[in-house]
Amino acid sequence: MKFTLSWLKEHLETDATIDQVVEAMTLAGLEVEEVENPAEKLSAFSVAKVLTAEKHPDADKLRVCTVETRDGVKTIVCGAPNARADMTVAYAPMGAYIPGADFSLDKKPRKIRGVESSGMMCSGAELDLGEDADGIMDLDSALEMGTPLADALNLNDPVIDFEVTPNRPDWLGVDSIARDLAAVGLGTLKTKPIESIKGSFPCPVAIKTEVPEACPTFVGRVVKGVKNGPSPQWLQDQLKAIGLRPISALVDITNFITYDRARPLHFYDVAKLKGGITVRMGKDETFEALDDKSYTAKDGDVAITDESGILGLGGIVGGTTTGCDEGTTDILIECAYFDPLTIRRTAKRLGVNSDAKYRFERGVDTGFLLGGMDLATQMVLDICGGKPSEVVIAGDIPTPPPSIKFDTALNKRLTGLDMDDGAMRKILTDLGFNVGKDWSVEVPTWRRDATKGADLVEEIVRIHGYHNLEAVSLPPLPGRREPTATVTQNRTRLARRALAGRGLSEAITWSFVLQDHAKLFGGGADTMLLDNPISSDLNCMRPTALIHLLLAGQRNADKGYPRAAQFELGPVYGGTQPNEQALALAGMRRTETERHWAGECPVDALSAKADALAALEAMGANVANLQMSKPTGDYWHPGRCGRLQMGPKNILADFGELHPRALKALGIEGRVIAFEVWPENIPAPKKKKASKAKSALALSDFMPVHRDFAFIVADNVAAGTILKAAQGADKQLISNVSLFDVYQGKGVEDGHKSLAIDVTLSPKDATLTDKDIEAVSDKIIASVMKAGGRLRA
Amino acid sequence: MSDITAVKDKYAAQIQSADELRALDDIRVAALGKKGEIGKMMQGLGKMSIDEKKVMGPALNGLKNDIAAMVEAKKEALENAALDAALVSETMDMSLPVGAPAGTLHPVQQVMEEMAVIFSDMGFSVAEGPDIEDDFHNFTALNFPPGHPARDMHDTFFMTAEEGEEKKVLRTHTSPVQIRTMINEKPPIRIIAPGRTYRCDSDQTHTPMFHQVEGLVIDKGIHMGHLKGVLMDFVSAFFETDVDVQFRPHHFPFTEPSAEMDVRYERVGSAIKIGQGEKWMEILGCGMVHPNVLRACGVDPDEYQGFAFGMGVDRLAMLKYGMPDLRDMFAGDSRWLTHYGFNPLLQANLATGLS
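Residues numbered from 1 in each chain as written. Chains lettered and ligands numbered in written order. Predicted model: local features only at pLDDT ≥ 70, side-chain atom pairs only at ≥ 80, totals over all residues.

1. Overview of the overall build of chain A
Argument step 1. A count of helices and strands for chain A gives 19 helices and 42 strands.
Argument step 2. In terms of overall size, chain A is more extended than a compact globule, its C-alpha atoms giving a radius of gyration of 42 Å where 793 residues would be expected to give roughly 28 Å.
Argument step 3. With respect to the three principal axes, the spread of C-alpha positions in chain A is 125 × 85 × 60 Å.
Argument step 4. The burial tally for chain A puts 42% of its 793 residues in the buried class. (Helix = DSSP H or I, 4+ residues; strand = E, 2+ residues; numbered from the N terminus. Rg over C-alpha atoms; globule rule 2.2 N^0.38 Å. Buried ≥ 20, exposed ≤ 12 C-beta atoms within 10 Å, placed from the backbone.)

2. Observations concerning the overall build of chain B
Argument step 1. When you go through chain B residue by residue, the secondary structure sums to 11 helices and 10 strands.
Argument step 2. Against the globule reference of 20 Å for 355 residues, chain B gives a C-alpha radius of gyration of 42 Å, more extended than a compact globule.
Argument step 3. Taking the principal axes of the C-alpha coordinates as reference, chain B spans close to 130 × 50 × 45 Å.
Argument step 4. For chain B, the residues scored as buried account for 45% of the 355 residues in total.
Argument step 5. For chain B, contacts bridging at least 24 residues in sequence account for 66% of all contacts bridging at least 6. (Contact = placed C-beta atoms within 7 Å.)

3. Focus on the sheet that holds strand β13 (residues 159-163) of chain A
Residue and element names in this part refer to chain A.
Argument step 1. Strand order across the open sheet formed by three strands is β1-β13-β3, with antiparallel pairing between neighbours. In this open sheet, the two edge strands, each paired with only one partner strand, are β1 (2-4) and β3 (31-36). Looking at each pair of strands side by side, their axes are set apart by 25 degrees on average, direction ignored.
Argument step 2. Summarising the sheet, β3 and β13 pair through five bridges and their orientation is antiparallel. When the bridges of β13 are listed, V32 appears paired with F162. (Pairing = 2+ DSSP bridges. Axes fitted to C-alpha atoms, helices over the stretch in contact; angles between N-to-C directions.)

4. As for the domain arrangement of chain B
Argument step 1. Per the domain assignment, the segments of chain B are domain 1 (2-85) and domain 2 (107-340).
Argument step 2. For domain 1 of chain B and domain 2 of chain B, the distance between their C-alpha centres works out to 90 Å. (Domains from an automatic or database assignment.)

5. Brief notes about the interface of chain B and chain A
Argument step 1. At the junction of the two partners, chain B supplies 71 residues and chain A supplies 74 residues.
Argument step 2. Elements represented by at least two residues in the side of chain B that touches chain A include exactly α5 (107-121), β1 (125-126), β4 (189-198), β5 (209-219), α8 (224-239), β6 (245-252), β7 (255-268) and α11 (334-340) of chain B.
Argument step 3. Per-class residue counts for the side of chain B that touches chain A are 37 nonpolar, 23 polar and 11 charged. (Nonpolar A, V, L, I, M, F, W, Y, C, P; charged D, E, K, R; others polar.)

6. Points about the packing of helix α2 (residues 21-32) of chain B against helix α4 (residues 50-89) of chain B
For any two helices packed against each other, the geometry is given by the interaxial angle and the distance between the axes.
Residues and elements named next belong to chain B.
Argument step 1. In contact at an axis separation of 10 Å, α2 and α4 are set at 175 degrees when each is read in the N-to-C sense. The angle between α2 and α4 places the two elements in the roughly antiparallel class. Two secondary-structure elements touch here, α2 through L21, L24, I27, R28, A31 and L32 and α4 through K64, I67, A68, V71, K74, K75 and L78.
Argument step 2. When the residues that make up the contact of α2 with α4 are grouped by side-chain class, the tally is nine nonpolar, no polar and four charged. (Parallel < 35°, antiparallel > 145°, perpendicular 65-115°, else oblique.)

7. Re the environment of A:L550
All names here are of chain A.
Argument step 1. Here L550 lies in helix α15 (residues 546-558).
Argument step 2. By the C-beta count within 10 Å, which is 28 here, L550 ends up buried.
Argument step 3. Each residue touching L550, except ones within four places of it in the same chain, is listed here: M588, L666, I668 and V672.

8. Structural notes on the sheet that holds strand β39 (residues 705-714) of chain A
Residue and element names in this part refer to chain A.
Argument step 1. Reading across from one edge, β40-β41-β39-β42 is the order of the four strands in this open sheet, with antiparallel pairing throughout. Edge positions in the sheet fall to β40 (734-743) and β42 (789-791), since each of these pairs with one other strand and no more. Pairwise comparison of adjacent strand axes, ignoring direction, gives a mean angle of 35 degrees for this sheet.
Argument step 2. Across 10 bridges, the pairing between β39 and strand β41 (residues 752-761) is antiparallel. Across the sheet, residue V713 finds its bridge partner in β41, namely K753.
Argument step 3. Relative to β40, helix α18 (residues 719-727) is tilted by about 150 degrees, and along the sheet it contacts β39, β40, β41 and β42.
Argument step 4. The strands that helix α19 (residues 770-786) touches are β39, β41 and β42; relative to β39, the one it contacts most, it runs at about 20 degrees.

9. Describing the pairing of β39(A)
Walk down a regular strand and you will see the side chains alternate between the two sheet faces.
Argument step 1. Pairing analysis gives three bridges linking β39(A) to β42(A), with the strands arranged antiparallel. Of the residues in β42(A), the one forming a bridge with A:V713 is A:G789.

10. A closer look at the pairing of strand β8 (residues 271-274) of chain B
Residues and elements named next belong to chain B.
Argument step 1. With four bridges joining them, β7 and β8 adopt antiparallel strand pairing. Among the inter-strand pairings, R267 is bridged to a residue of β8, identified as I272.
Argument step 2. Hairpin connection, β7 to β8: the antiparallel pair is bridged by two residues, and G269 has positive phi, about 65 degrees.

11. Focus on the domain arrangement of chain A
All names here are of chain A.
Argument step 1. Per the domain assignment, the segments making up chain A are domain 1 (2-37 + 157-189), domain 2 (40-152), domain 3 (207-395), domain 4 (404-468), domain 5 (487-681) and domain 6 (705-791).
Argument step 2. Domain 1 puts 11 residues into the contact, and the matching count from domain 4 is 11 residues.
Argument step 3. By residue number, the principal contributor to the side of domain 1 that touches domain 4 is helix α4 (residues 174-183), which donates four residues.
Argument step 4. For the side of domain 1 that touches domain 4, the residue count by class is five nonpolar, three polar and three charged.

12. Some remarks on the nonpolar core
Argument step 1. Core analysis: the largest hydrophobic core is formed by 237 residues, its most contacted members being A:I331, A:A376, A:A612, A:L616, B:L231 and B:F307.
Argument step 2. Broken down by element, the residue count for this core peaks at eight residues, all from α8(B).
Argument step 3. Among all residues touching A:I331, those that are not within four sequence positions of it are A:V222, A:V223, A:V226, A:L250, A:F267, A:Y268, A:D269, A:V270 and A:C324.
Argument step 4. Among the nonpolar cores identified, the runner-up in size contains 28 residues, and A:V64, A:M87, A:I136 and A:A152 belong to it. (Core = buried A, V, L, I, M, F, W, Y, C linked by C-beta atoms within 7 Å.)

13. Examining the packing of helix α13 (residues 487-501) of chain A against helix α16 (residues 605-618) of chain A
Residue and element names in this part refer to chain A.
Argument step 1. At a minimum axis distance of 8 Å, the contact between α13 and α16 shows a crossing angle of 145 degrees. Viewed along their axes, α13 and α16 form a crossing whose handedness is right-handed. Two secondary-structure elements touch here, α13 through L494, A495, A498 and L499 and α16 through D611, A614, A615 and A618.
Argument step 2. Looking at the contact of α13 with α16 residue by residue, the class counts come to seven nonpolar, no polar and one charged. (Left-handed = near helix turned anticlockwise from the far one by under 90°.)

Below you can see the structure in the form of structure tokens.
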């Protein structure tokens, strides 16, 4: 909403400066977005008088003028055909910036064809003040030399643009802004009262509304014998100042009242009407609208009609067939009320916006139907002349909003402020509320947002000033403090640090991806599509965080930064239900080789395993006891991937190399390894024990003994199976099993490999005898044989 | 006695000239061994008179100890010389690069952790909720009536839906978490809800996905002064400096009265300094929870009341840590992550500081 300081002062008696107005608005909740004073860019320019104007000795089209300026008498060479002696002009001193031409004048006199010129006389176009570039501005000769140009042209009038919150449609009229500012003490409200205008003949146009819900009221009146033409200069200037284009007196009057009182109106040319006006819902009728588009009104849209059919969309946009023009002599003034939701639905469906629609969809003042009509009539009579008819009220004027029974104690309860009743009463009264002795508060018709006590508290504290609220720190909760983070929050905090410690950097990427990409990673169902995506490549909720990480990795490589290693903790979506969203910790490493003086350290599928295990271990998962299987997603390399799970259903992590086909479909070059970990699947720690003390540490006095074994197994037997078999041979004695060699080649038959392990035996009761060691060795060999291995000869 | 001095001098000379451990050991055996010269001299004691013994006994013992000490000293000297000689050839270029650099943590996560720490100190727990929400939790329960223009303030992403089914939305704020919390828990409630939020908007200062932290306090006797106090305590703790703030009235459907909070700032070159200066910058919205919202969650507004606030995490991260462009936050540029990311060993806390 835009308005000028001078417009505000039509409603508010005040000496406040623009800065004071802006501050008062801000503190009263009218959030100022921009203040622009057209005078600022004109500050260098002033009124000057041309004393003499002679032809330039060396140029036919140039004139050498002597000009009386506030800087003294200057010689200025000018090319304008209209430059003449005794002319009053707009003078730009040397060095001034010329906004319309976007250049600055020289700071020293400049020779033009041998004659020194000091400064410039400007055209309207050069000052961004109009399109007339044929000559320099020819100002009113009554203006005094030296007057700042902005003052001379009445442009020293700041324009304020502020955000109108949806609860305050009344702020779309300058009178309501003034009322709030008067309430905070910035001045006195002086909006002129509107006099009721009696008609001298019955309204010749019959008006009815058949849809009391969508259009409860249509107030109408005919004014005969008007003369439409350009509106007076003051009205044109006022509209231009806020960026509206003056069109004709009748149109300008409706625009003025729209901004002055948040009261949209519509004028019809009576000569173009066929029969009476009926307001009804649309019947798939199309009309040409005043915004040069055509619209079709359906049964949910309010149509203003006559016998010929639809004339316009009520409250949104009128039609061309009954529009007023220069030949209009008789007009019908419409001052109606339309249901906000109906207006909104129609405007949304048709994608149409207008100042009228903007106000009706937020709700206009139901108490200003007759007032609006009289104000419009008065302006028409004043500007265009004519004779008014009596007023017709079709439908019923909506009842005023219900009163609020206000408990004044609520103010202290919600705000902590101690205010006396008189102060509260004054604020509400200043805002137009009518406060009864028993605190039954009548709500003004323009404030339908106020429906309960809390709303009145907001009004009181808003006008009293939020800066007067005393800040109080929150009292501590009683009792012992429990940690405030959840198990998963604490776990992922550690896992993220573990991964970063391993050289991966944390990224955050979009929750939406391209549907085709989602399909590659087991998602992309149509139910996961966005109805209105921000762009076509972000149209689907992601099944994995890997997609954007992979794309980012490629972008980095394309820019000359290979070997990206990134991870992300974030949501992935299996469906649209809350329980179908999961938290995933996903990461990837690109595998561009990095040469190193100590030899290459290859990034391969097992690096991904190490990453996944590091994350799981940091989160407290019992990694020693996880089972290994294969991931089900076909985006993994079939031979180089693994899955870690607890039991048959609970999957903790997938890892490995990604399928080259999936990578290619994403446009990824080279191999990439990745992991996905699901932190929420890690079992919660067992119920809180009474004590956080750890179990007692039992240190054995007996030396551990190491025994090495080499087993031959078929290629397809996983090393993990053999290690587990050895470990399980004697749970009491065997404290550790480590794999120290994997060998294939000479001495090992084809299709087999040799696995060499070091078993640590940790006796607790007595030193191991040879016999003891032999017994446990036999158990190990037997257990491994069951798992498919045999002792290497 | 002169014999003893002569023997000592003889061995001293030999030990002195020994240049390797084996030669030294030969000297030791010759002097101190079982059949060595000193031993033989000891045997001579038996034939001596008591008076002679009294003199010669201690003298011979002294001779033995002196030679042993000389051998030991020489041995240590030879060993040290040998080690020094060996170490001369054992060199490494200590300028060779070692180790791999650690990765970094994302500034938005860092800032959310900082917020959790500050609010935890005031007794707030961290609550979470789904990103894909229904209309009830995202709008209706928050007192956005269906069709109300206030819904236009949120450029909402909708999910596709079967004909006749209600479209789900991507939550436009983290406020639905306060609805879920109030429905599921009994007051007193103190939560913050950090998380991803979505609006269909993209330019230099808007990304279609961003992060918010929502705060909610519901209890008896909680008023707007507390709201002001909590947020003032928060901003100064967060920016780690005294921050001057301004509360302004505003409108949100789910709070009444509603406010926005501005912080003082100034531009110093291209940097923004929070806490001082002539200008105000809006950083969050807040207010007393609307009675309709309390009622929608089954909380009696005549018994309980409280406040809620919400702020943009990404923007606060930019203001605190100087990232110039919001869009870079989610682009995964390795250089950006390295430059603006945080050391993983750092854990924000009030004892050692937030960062």
